[in-house]
Structure formats: C-alpha cells, structure tokens
Amino acid sequence: MIGIVYLLVLVALAFGIGAFFLRRLLSGSLLERVVFAISLGLGVVSYTILALGLLKLAKTVPLTIGVFVVGLPLAILGYRSLPKREKTKESSAGALGIAVALVMGLCALVTLVGALNPPGELEWDSLSYHLAAPKRYLQEGRIYYIPDDHHSNFPFTLNMLYLWMLSLGSVSGAKLCHWLCGVLLTLAVYTCGTRHFSKAVGQVAAVMVATTPILLWESTTAYIDLALALFSFLSFYAVLNAHKEPRWLVISAVLMGLALGTKSTALAFWAMGALGLLAMRLPFRLVVAWAGIALVVGLPWYLKTFLYTGDPVYPFGWKLFHGHYWNDAAALGYAKDQAAFGLGKDPLHLLLAPWNVTMEAGLISQERKYIFTEYWIFGISPVYLGLGMALPLLIRRWDKTAVACLLWGLGISATWFFMMQQTRYLIPALPAFALACAWGLAQAGKLAQRAGGVLIALAALWGTYLALTELLPPAPRQALEVAETWINQNTPKDAKVALFDETRGFYLDRPYVWAQPNHAPGLLPYDSYADVDAFLADFKRRGYTYLLQNTLITRLVKNEDPAWTKWRALLAQAVEQGKLETVATFGQENPIIIYRVP
C-alpha cells in the first residue's frame, strides 16, 4: 500500500510542476488543466531522474533529493499561479453521467488493485526490461550501457519513474505510474470530447476507452503503452485547442516530445503531426517550430542511445548505422519475431485488419495459439468495429474535428499495420477513434442511438467482467521467481548469473547477462569456443559461475538459425560430461534448471 502514498506524492508534485508551465493558458476546464499539468509534470520528473542517473546518482537519497530540489520550487510556483475559479451553477449529472462515473470508477478501482499485485510471469516485458533495466541501474548506482539487453537502449521516459519507485523499494509504486497514465488518458478523452463536441460525447468516448480489455490489462502492468497513448493523444488534443488559443501549440510540441521519449514508434506520430499541421495551413515556420521543439524534448534518449551503440534508434537502424553488438542475422531474426504477429501486410489483410484484430479469439487454433497478442482474451472492444463500420451510414455531414480524430486514429493504425501488428500497439489510436464513434452516434437517429448504446453497455459489461475475474486475483508464484529467489539466497553476493532461454531477470539480486548470442552478437565470443572446456573457462573468467536455463523455452523454440544454437550443444555437452553441477531445479515439467560452473 505504500505504493499508493508514493503515487499521491508524485501526482501532487507533477501537478504543481505542470501547472507552472500552463500558467499562461487561459482556456480550458479545471479537469482539463489537471490532466495536462500532471502529464507535463511527469515528464519533468522523468527527465530529472535521467540526468541524475547519468551523473551516477541513481540511489534512493540522491534521486529523491534531486527530484524535490528541481520539482518543488516549480510546483510551489505552479500552485500559486492557479487561476481562481468563479463559482458556476452545477448541472445535474443525469443518468448517463452517473452510469459513466460508476463504470469508470469501478474500472479504476479494480485495475488499481491489480496494479498493486506483484508482476506475474505474463508481464514478460516488465520482468525482462521495463522494471529489470531500472533495477540493474540501481544496483550500479548509475544509468549505464547494458549491451546484452538492447531494449535498455529504447527511450525510457516512463521507466525513469519506475527507477525512482524501485529505489524507494516499491514495485507497486512503479506499476501504479503506468496505471496513472491509463486514468489520465481516460480523463483526457472525456475532457476533449466535452470541450470539442459535447458532454455526452465525452462521457461515451471515455467509457469506450476505459472498458477496452487491452487497456484494462495494461493498467495493471509496468509497460509503457499507456504513457505513449497519453502523451501522443494529449499532443493531438492540444492542437485542437490551439484553434482558439495558439499557445497550446507549444504544449502540443512538448507532449509529442515526451511521446518520442517514451517509444521510438512515436517518430511516425511526430511525422503525422507535422503533416497534419501543414494540412491545416499553419505557417511553415510554426510547423517547423512545433517539430523542432518535439525533437529537442525527445532528443536526449536518442543521443544517449547513439553514444552507447552508434545507432540512435538501436537496433532498428542497423542497415544505416551498424550499431554495436548487432548483425544481419540478428536484424533478420528481430524482423521475423515482429512478423510473427498478424496475418499479413497485403491489401486484403489491410482491409480485413479491423475485423481480424477484433475477432482474434475466433481465429486462433492449436497450430497458432495467438495472432495479435499472447493475452488474446484482453483484446480490442468490438464497439470500435461496430460503430466504426456504421459511421458512413450514420453521418450526413461531417464535423472537421471528428474528421481530424478519425484521420489521427487511421494514421496510427497504418503505423501499427505496417510495423508490428501487436494489439497493444493500437492503444494510441483508440482515444481518437472513440471520440469519432461517440460523435457519430450522437448525430444518429433515436433507434441507432439505442442500438449503439446497447452495444457500448454490453462491451462495458464484458470489459468490467474481465477486470473483476482476471485482474483482481494475484498471479500465482511461478517457478522462475522461486528459482531466482533461490539464487539470491544461496549464492555468494559477488556471484554472476548467465541466463539461457530466459530474459526475465527482474527478481535476481545478482548481476546477470542474457547469454544467448542472438541478444547481442559478439558480446560473448561463441565463435571462438573450440569446445566445452573453452566455453566454461571463458564464462568462469568473466565471473558467470551460475547458469539458469528455462527448459520450457528450450523445448518450444524450433527451427532457430544455426548461428544462434551453438550454445545449446555446448550446454548439453557440459551437462552430459559432468562438467556442470546441477544445483537446483524448479517445476515438475520443463523445469527451470540452475547449474554451477565448478
């Protein structure tokens, strides 16, 4: 529960910081200002932690003092600058407002409880790098180059908040930072709809987003997709606001910069935003200024990655930059892994993509257990498909803002289709789609509104049911966590661990390396190992005297490139020849096995 306290402190600090930067803006509701202020403040705190980590101050006390030294003066000024609100006559919430408040409140509460649970094995990315890389930084007391984990060279804005929370000893606090992004995103959809359409449109759109299964699941994890969705949508939202108050363009640019600092796929959103501003016939200098401010805000991450690896978008820029510890085989393998999601990228599958991604449950089989996401039960709500297909029939005259929402969502969807068809990568498109659908429903006749209302209500009930039944119970303690805890308790403090067919090293308190060559070709000289003795001698020389193997992954991975499989033969030979000591096994079938190099 201490994570909730840390989150409240962070929210209070972030709101004050953000309010300082919003002090010159005149328009907008109080709730809108709160959403934008907290989001901007989170960015400032994250970049402060980045600077402290690079200065080798990634420890509890220096991080906490540094955050407050930078943030507290800005927060005080921000709170002092808050405009005085005149008392206005409160309008009745109405039946729709009450229903919306209850549904959103229930979803927020259930996912809050889910986020307080320890991360389960299904949270692969959390345990591999979103939480694991910040923990490795803390163990070293600094942000440094981790060559075996290429993900650690991705933009890490939200992960800096994870770093701070982990330094305070709160894993739940880290997960709640991502939960907060989901709450802010839902509120942003509501305030955007209310401001640019109507209160009812904002309410309906917010419920659509809040009860989308994939968003509910993400809210309980330490991923970063909700932060990307939040920053990119707020950037789009601020452009809409700029029609009446041009200063919002600066806020939009900063928020797009934070999106760039959260995930490199935001580079496509940045390009879309610049093209959109040109299409709006804004002066070219303003478009250049917007694009430049966004790039400057996002630049620290790409500069850091370039200095570490030689590739600012490592490892995706391999063909152009030829970054460290990567090669053609690794690039091809990575592309194959990404292509494993989806059904194809031809025109027919582009046309069918909305149907297929929504109806994934009906497409899976024994041969292919998932298509767009490993956790397919948490997919895209059918509301988007149903209302989206009905829009051409419902609308006689299109609103320019609704068209902008639709185009923004379609642009993000195109990025998803041609880059990697993973369901959660569609989340940034959902807020804009929800607004377009809710607006279209508001324009329809009574019968269509009732049918749409029933569809939204049923989808909301399904999403809420999934949250209550799947997200509330904590995940059972799995063999991997038990195995890594055993290593922490039964090995010397200076022991190092090599992971094979496993990347989820978060629970380890010992230094470790992803030891397979496909993670960082050339980091470990597999080509030079003439035999088992040379293999084991080199690992021992490097200090890796404990080896952990996940035999389930070993069994599942088939037809792997021969260039990557030499380690399998070496490890098997070492076991067969008695040159490795099996010190522990965890799990009955396909166990986690821990070996010791004598």
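That block above? That's the structure.
It should be emphasised that the depicted structure is a prediction, and the values quoted were computed from it without experimental measurement. (Residues numbered from 1 in each chain as written. Predicted model: local features only at pLDDT ≥ 70, side-chain atom pairs only at ≥ 80, totals over all residues. Heavy atoms only, no water.)

## As for the overall build of the chain
Okay, so step 1: Secondary structure summary: the chain contains 25 helices and five strands in total.
Okay, so step 2: The globule rule puts the C-alpha radius of gyration for 598 residues at 25 Å, and the 25 Å found for the chain is close to it.
Okay, so step 3: Dimensions along the principal axes, computed over C-alpha positions, put the chain at roughly 80 × 55 × 45 Å.
Okay, so step 4: Burial statistics for the chain: of 598 residues in total, 55% are counted as buried.
Okay, so step 5: In the chain, of all internal contacts separated by at least 6 residues, the share reaching a separation of at least 24 is 73%.
Okay, so step 6: Averaging the positions of the 47 positive and the 36 negative side-chain charges in the chain gives two centres separated by 13 Å. (Helix = DSSP H or I, 4+ residues; strand = E, 2+ residues; numbered from the N terminus. Rg over C-alpha atoms; globule rule 2.2 N^0.38 Å. Buried < 20%, exposed > 50% of the residue type's maximum accessible area, 1.4 Å probe, protein only. Contact = heavy atoms within 4.5 Å. Lys, Arg positive; Asp, Glu negative; His and termini not counted. Charge placed at Lys NZ, Arg CZ, Asp CG, Glu CD.)

## A closer look at the state of the cysteines
Okay, so step 1: Under the criterion given, the structure shown has zero disulfides.
Okay, so step 2: With no disulfide partner, Cys-405 has as its closest neighbouring cysteine sulfur the one in Cys-192, 5.8 Å distant.
Okay, so step 3: Taking the relative accessible area as the measure of exposure, Cys-405 reaches 0% and is therefore buried.
Okay, so step 4: Here Cys-437 is not cross-linked by a disulfide; its sulfur's nearest cysteine counterpart is in Cys-405, at 10 Å. (Disulfide = S-S within 2.5 Å.)

## Comments concerning the nonpolar core
Okay, so step 1: With 177 residues, the main nonpolar core has Phe-36, Val-45, Ile-49, Met-160, Met-208, Phe-233 and Leu-548 as its most contacted residues.
Okay, so step 2: Membership of the second largest hydrophobic core comes to 23 residues, among which are Ala-520, Val-532, Leu-570 and Val-597. (Core = buried A, V, L, I, M, F, W, Y, C linked by side-chain atoms within 4.5 Å.)

## Things to note about helix H14 (residues 284–309)
Okay, so step 1: The largest bend along H14 measures about 50° and falls at Leu-299, with the proline Pro-300 one to four residues further on.
Okay, so step 2: The complete set of buried residues in H14 reads Val-287, Trp-290, Ala-291, Ala-294, Val-297, Gly-298, Trp-301, Tyr-302, Lys-304, Thr-305, Tyr-308 and Thr-309.
Okay, so step 3: Its buried side turned inward, H14 meets helix H2 (30–54), helix H7 (157–167), helix H11 (225–241), helix H12 (248–260) and helix H13 (266–279).
Okay, so step 4: Directly beyond the C-terminal end of H14, a positive phi value near 85° is found at Gly-310. (Bend = angle between axes of the 7 residues up to and from the residue.)

## Remarks on unusual backbone geometry
Okay, so step 1: The omega torsion of the bond from Tyr-314 to Pro-315 falls at 0°, within 30 degrees of zero and hence cis.
Okay, so step 2: Here Pro-315 shows up in the loop between H14 and helix H15 (318–321).
Okay, so step 3: Phi is positive for His-322, which is not a glycine, with a value near 50°.
Okay, so step 4: Tracing the backbone shows His-322 in the loop between H15 and helix H16 (328–339).
Okay, so step 5: With a phi angle near 50°, Tyr-325 is a residue other than glycine that sits in the positive phi range.
Okay, so step 6: Looking at the secondary structure, you find Tyr-325 in the loop between H15 and H16.
Okay, so step 7: The class of Tyr-325 is partly exposed, set by a relative accessible area of 31%.

## Re helix H25 (residues 566–576)
Because an α-helix completes one turn every 3.6 residues, residues spaced three or four positions apart along the sequence face the same direction.
Okay, so step 1: Among the residues of H25, those classed as buried are Trp-567, Arg-568, Leu-570, Leu-571 and Ala-574. Along the axis of H25, the buried residues cluster in a sector spanning 165°; they form a single face.
Okay, so step 2: Gly-578 lies just past H25 and shows a positive phi near 70°. (Arc of directions from axis to C-beta.)

## Some details on the environment of Ile-293
Okay, so step 1: Within the secondary structure layout, Ile-293 lies in helix H14.
Okay, so step 2: Take Ile-293: its relative accessible area is 31%, and that puts it in the partly exposed class.
Okay, so step 3: Measuring from C-alpha to C-alpha, the distance between Ile-293 and Val-254 comes to 6.4 Å, with 39 residues separating the pair along the chain.

## Concerning the packing of aromatic side chains
Each pair of aromatic rings is reported with the distance of its centres and the angle of its planes.
Okay, so step 1: The tally for this structure, following the rule as stated, stands at 36 aromatic pairs.
Okay, so step 2: Ring centres of Phe-236 and Trp-408 lie 5.3 Å apart, and the angle between their planes is 15°; on these two criteria the pair is classed as stacked. Of this pair, Phe-236 sits in helix H11 while Trp-408 is found in helix H19 (residues 400–419), placing the two residues 172 residues apart along the sequence.
Okay, so step 3: Look at Phe-236 and you get buried, because its relative accessible area is 9%.
Okay, so step 4: Taken together, the aromatic side chains of Phe-500, Tyr-526, Tyr-529, Phe-535, Phe-539, Tyr-544 and Trp-567 make up a single cluster linked through ring pairs. (Phe/Tyr/Trp six-rings, centres within 6.5 Å; stacked < 30°, edge-to-face > 60°.)

## Description of the pattern of salt bridges
Okay, so step 1: One pass over the full model with this rule turns up 14 salt bridges.
Okay, so step 2: As a salt-bridge pair, Asp-225 and Lys-263 come within 3.3 Å of each other at their nearest N and O atoms. Of this pair, Asp-225 sits in helix H11 while Lys-263 sits in the loop between H12 and H13, and the two are 38 residues apart along the sequence.
Okay, so step 3: Residue classification places Lys-263 among the buried residues on the basis of a relative accessible area of 15%.
Okay, so step 4: Across the pair Arg-568 and Asp-501 runs a salt bridge, and its minimum N-O distance is 2.9 Å. A residue pair is termed long-range when its members are at least 10 positions apart, and Arg-568 in helix H25 and Asp-501 in the loop between strand S1 (496–500) and strand S2 (512–514) qualify at 67 residues. Taken individually, Arg-568 and Asp-501 each receive the classification buried, so the pair is uniform in this respect.
Okay, so step 5: Through salt bridges with shared partners, one network takes in Asp-125, Asp-225, Lys-263 and Arg-424. (Salt bridge = Lys/Arg side-chain N within 4 Å of Asp/Glu carboxyl O.)

## Observations concerning a nonpolar patch on the surface
Okay, so step 1: A cluster of nonpolar residues, Leu-299, Leu-303, Phe-306, Leu-307, Leu-320 and Phe-321, forms a patch on the protein surface that exposes about 610 Å² of accessible area.
Okay, so step 2: Mapped by element, the contributors of at least two residues to the nonpolar patch are H14 and H15.
Okay, so step 3: Here the element with the most residues in the nonpolar patch is H14; it accounts for four residues.
Okay, so step 4: Take Leu-320: its relative accessible area is 68%, and that puts it in the exposed class. (Patch = residues over 30% accessible without salt bridge, like charges linked within 9 Å, V, L, I, M, F, W, Y side chains within 5 Å. Areas by Shrake-Rupley, 256 points an atom, 1.4 Å probe, with all protein chains shown as cover.)

## Remarks on the sheet that holds S1
Okay, so step 1: The five strands are arranged S2-S1-S3-S5-S4 in an open sheet whose pairing can be described as mixed. Each end of this open sheet is capped by a strand with a single partner; those strands are S2 and strand S4 (581–586). The mean inter-strand angle of the sheet, taken between neighbouring strand axes irrespective of direction, is 20°.
Okay, so step 2: Of the strand pairs in this sheet, strand S3 (residues 544–550) and strand S5 (residues 592–596) are connected by five bridges, and their pairing is antiparallel. Bridge pairing in S5 links Tyr-546 to Arg-596.
Okay, so step 3: In this fold helix H23 (residues 532–541) packs onto S1 and S3, with an angle of close to 115° to the strand it touches most, S3. (Pairing = 2+ DSSP bridges. Axes fitted to C-alpha atoms, helices over the stretch in contact; angles between N-to-C directions.)

## A look at the environment of Ala-329
Okay, so step 1: Relative to the helices and strands, Ala-329 resides in helix H16.
Okay, so step 2: A relative accessible area of 25% means that Ala-329 is categorised as partly exposed.
Okay, so step 3: Residues Ala-329 and Thr-373, 44 residues apart in the sequence, show an inter-C-alpha distance of 25 Å.

## Quick word on the pairing of S4
Okay, so step 1: Relative to S5, S4 runs antiparallel, the two being bridged by five bridges. Bridge pairing in S5 links Thr-582 to Tyr-595.
Okay, so step 2: Linkage of S4 to S5, two consecutive antiparallel strands, is achieved through a turn of five residues, within which Gly-587 is found at a positive phi near 105°.

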